[in-house]
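What the coordinates show
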Amino acid sequence: MKRFENRVVIVTGAGSGIGAATARRFAVEGARVVLAGRTREKLEKVAATLPNDKHLVRVADVSDYDQVEGLVRAAVDKYGRLDVMVNNAGVASEGRATEDSVDAWHKVISIDLDGVFHGARAALPHLMKTKGCIVNTASVSGLGADWNMAFYNTAKGGVVNLTRSLALDYGRDGVRINSVCPTLTRTDLTVDMFKDEKLLDKFRERIALGRTAEPEDIADVIAFLASEDARFITGVNLPVDGGLSASNGQPPQ
Ligand code: NAD
């Protein structure tokens, strides 16, 4: 299936994990993909695995608005249009609010929340021309809270409501804005968690489908939300969590 032939797609955080799988998925479906992130070598490595050479690698830190604007400009200069903005870059944080530093708060918010706002703000003028769309990578951590992750939960909760707000404000301009809300997914971000079998068992117990996610499980849904098949979906924060959020939180008996 080639749903994105001649479409131009920016993916932030494309150097690994969900972003890399997303870049691959769009490329397989014919898109011109702009891979963005902080480390050129990581991005080049992913780019080398794409099935075509219709791609651009661009170093940009999403916490810096000027760099994100430069990223969007570079994509439009090269390909003449922008159809899909995937605001995916993110970092995790752990610890109770009194135990982690104020700097750590600002860092998480500046990447995980400001970064999504920066991507949306820079992309929207171009997406209004193409009737394009935005897909953000939020998290189940934006739909409810985790223990010991207040900074991350706050940032992702912000992404969830930013997604809804932007969907309301830009729907009449023909732009759809949605997010995916993954549960635990095997990526660089979660390497340590995937080494902890006891913890993994706890996750498997809570997830209706009985397993954690692979990056492709999330990337495929990002591509769906960006596709014509999702033309009447906007403002949705879609759990991609194997049924985790179907539970009210009480343990299985
Ligand atoms: P990952 O670490 O493999 O990917 C994140 C990417 O973002 C990395 O390549 C990193 O270099 C990049 N990045 C970090 N800070 C950046 C910045 N300031 N500017 C540009 N790029 C930056 O992890 P992942 O799991 O693929 O994470 C992708 C998204 O998925 C994140 O937003 C994360 O919060 C979200 N998410 C992940 C999980 C999970 O369990 N892995 C669950 C829910 C949501």
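Now for a description of the structure that goes with this document. Fair warning: this is a prediction, and the values are worked out from it, not measured in the lab.

With that out of the way, let us pick up the environment of Ile218. Mapped onto the secondary structure, Ile218 falls in helix H7 (residues 215-226). The class for Ile218 is buried, based on a relative accessible area of 0%. Sequence separation between Ile218 and Ser245 is 27 residues, and the spatial gap between their C-alpha atoms is 15 Å. Dropping the residues within four chain positions of it, Ile218 is found in contact with Ile18, Val180, Pro182, Thr185, Ala213 and Val240.

Of all hydrophobic cores here, the largest spans 36 residues; its most connected members are Ile10, Val34, Val72, Leu82, Met85, Leu127 and Ile134. Elements represented by at least two residues in this core include exactly strand S1 (8-12), strand S2 (32-37), helix H3 (65-79), helix H4 (102-130), helix H5 (150-170) and strand S6 (176-182). Per-element accounting of this core gives the leading share, 8 residues, to H3. Not counting residues within four places of it along the chain, the set of residues in contact with Val72 comprises Ile10, Leu82, Met85, Ala122, Ala123 and His126. Of all hydrophobic cores here, the second largest spans 30 residues; its members include Val180, Ala213, Val221 and Ala223.

So, about the sheet that holds S2. Two strands in a sheet stick together by hydrogen bonds in their backbones, pointing the same way (parallel) or opposite ways (antiparallel). Ordered by their spatial adjacency, 7 strands build an open sheet running S3-S2-S1-S4-S5-S6-S7, and the pairing between neighbours is parallel. The strands lining the two open edges of the sheet, one partner per strand, are strand S3 (55-59) and strand S7 (237-240). When the angles between neighbouring strand axes are averaged without regard to direction, this sheet yields 15°. Direction of pairing for S2 relative to S3: parallel, over a ladder of 5 bridges. Note on S3: the bridge partner recorded for Val34 is Leu56. Where helix H2 (residues 40-47) meets the sheet, it contacts S2 and S3, and its direction lies at approximately 165° from that of S3. Where H4 meets the sheet, its contacts fall on strand S4 (84-87) and strand S5 (133-137), and the angle it forms with S4 comes to roughly 180°.

What counts and how
Residues numbered from 1 in each chain as written. Predicted model: local features only at pLDDT ≥ 70, side-chain atom pairs only at ≥ 80, totals over all residues. Heavy atoms only, no water. Helix = DSSP H or I, 4+ residues; strand = E, 2+ residues; numbered from the N terminus. Buried < 20%, exposed > 50% of the residue type's maximum accessible area, 1.4 Å probe, protein only. Contact = heavy atoms within 4.5 Å. Core = buried A, V, L, I, M, F, W, Y, C linked by side-chain atoms within 4.5 Å. Pairing = 2+ DSSP bridges. Axes fitted to C-alpha atoms, helices over the stretch in contact; angles between N-to-C directions.

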